[in-house]
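# Residue-level structure breakdown
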Amino acid sequence: MADNHIICNFHLYEPFFFIHQGASRLGDQVSATGVSFPYNAENFPALNPKAKNTRGQSNYRTYLRDGNEQSINDK
């Protein structure tokens, strides 16, 4: 029997660099703030020096590719 009273909910925490910016609980890798969605080269902030040599540095570099609606839809 079909149930017409079902509610679905999901969360997608991508792009990680945008969603988690400034989240102190994750340490220095997400120390960057001021990151907009979608990616915009004109107002993209410099990498926070605290994020250097962390996963945050690679996330910073890939945001150029991942910080857009198509990337979200692809996931």
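Our subject is the structure listed above.
Residues numbered from 1 in each chain as written. Predicted model: local features only at pLDDT ≥ 70, side-chain atom pairs only at ≥ 80, totals over all residues. Heavy atoms only, no water.

## Some remarks on the overall build of the chain
Note the cut-off: Numbered from the N terminus, helices here are DSSP runs of H or I no shorter than four residues, and strands are runs of E no shorter than two. For this measure, only C-alpha atoms enter the radius of gyration; the expected value for a globule follows 2.2 Å times N^0.38, where N is the number of residues. Partly exposed residues are those whose accessible area sits between 20% and 50% of the maximum for their type, while under 20% is buried and over 50% is exposed, using a 1.4 Å probe and protein chains only. Contact between two residues is taken to exist if any of their heavy atoms lie within 4.5 Å; hydrogens are not considered. Surface accessibility in these figures is a Shrake-Rupley result with a 1.4 Å probe; residues are shielded only by whichever protein chains are displayed. For the purpose of charge, His is not counted, nor are the chain termini; Lys and Arg are scored as positive and Asp and Glu as negative. By convention, the charge on Lys lies at NZ, on Arg at CZ, on Asp at CG and on Glu at CD.
Across its full length, the chain holds three helices and zero strands. What you see in the chain, going N to C, is helices and strands ordered as α-α-α. On C-alpha atoms alone, the chain measures out to a radius of gyration of 16 Å, which is more than a quarter above the 11 Å that the 2.2 N^0.38 rule sets for 75 residues. Counting the 75 residues in the chain, one finds 27% classified as buried. The contacts of the chain with a sequence gap of at least 6 include a subset with a gap of at least 24, amounting to 41%. Approximately 5800 Å² of the chain is accessible, and the part contributed by carbon and sulfur atoms is 50%. A gap of 13 Å separates the mean positions of the 7 positive and 7 negative side-chain charges of the chain.

## Quick word on the environment of Pro-15
Examined against the element boundaries, Pro-15 turns out to sit in the segment before helix 1 (16–19). When the C-alpha atoms of Pro-15 and Gln-29 are compared, they prove to be 14 Å apart, with 14 residues separating the residues in sequence. Those residues within four positions of Pro-15 in sequence are excluded, and the remaining contacts are Phe-37, Tyr-63, Asp-66, Gly-67 and Ile-72.

## Here we look at the packing of aromatic side chains
Within a pair of aromatic rings, the relevant descriptors are the distance that separates the centres and the angle that separates the planes. Here is the rule we go by: For this analysis, a ring pair means two rings from Phe, Tyr or Trp (six-membered ring only for Trp) whose centres lie within 6.5 Å, classed as stacked if their planes differ by under 30 degrees, edge-to-face if by over 60, and tilted for the remaining angles.
Using the criterion set out here, one finds eight aromatic pairs in the structure. A centroid spacing of 6.2 Å and a plane angle of 50 degrees characterise the contact between Phe-17 and Phe-44, whose relative ring orientation is tilted. Of this pair, Phe-17 sits in helix 1 while Phe-44 sits in the loop between helix 1 and helix 2 (55–66), placing them 27 residues apart in sequence. The exposure class assigned to Phe-17 is buried, which follows from its relative accessible area of 5%. Ring plane angle 10 degrees and centroid distance 5.8 Å describe the contact between Phe-44 and Tyr-63, whose orientation is recorded as stacked. With a gap of 19 residues between them, Phe-44 in the loop between helix 1 and helix 2 and Tyr-63 in helix 2 connect regions that are remote in the sequence. Of the two residues examined, Phe-44 and Tyr-63, each falls in the buried class. Put simply, the rings of Phe-17, Tyr-39, Phe-44, Tyr-60 and Tyr-63 pair up and form one aromatic cluster.

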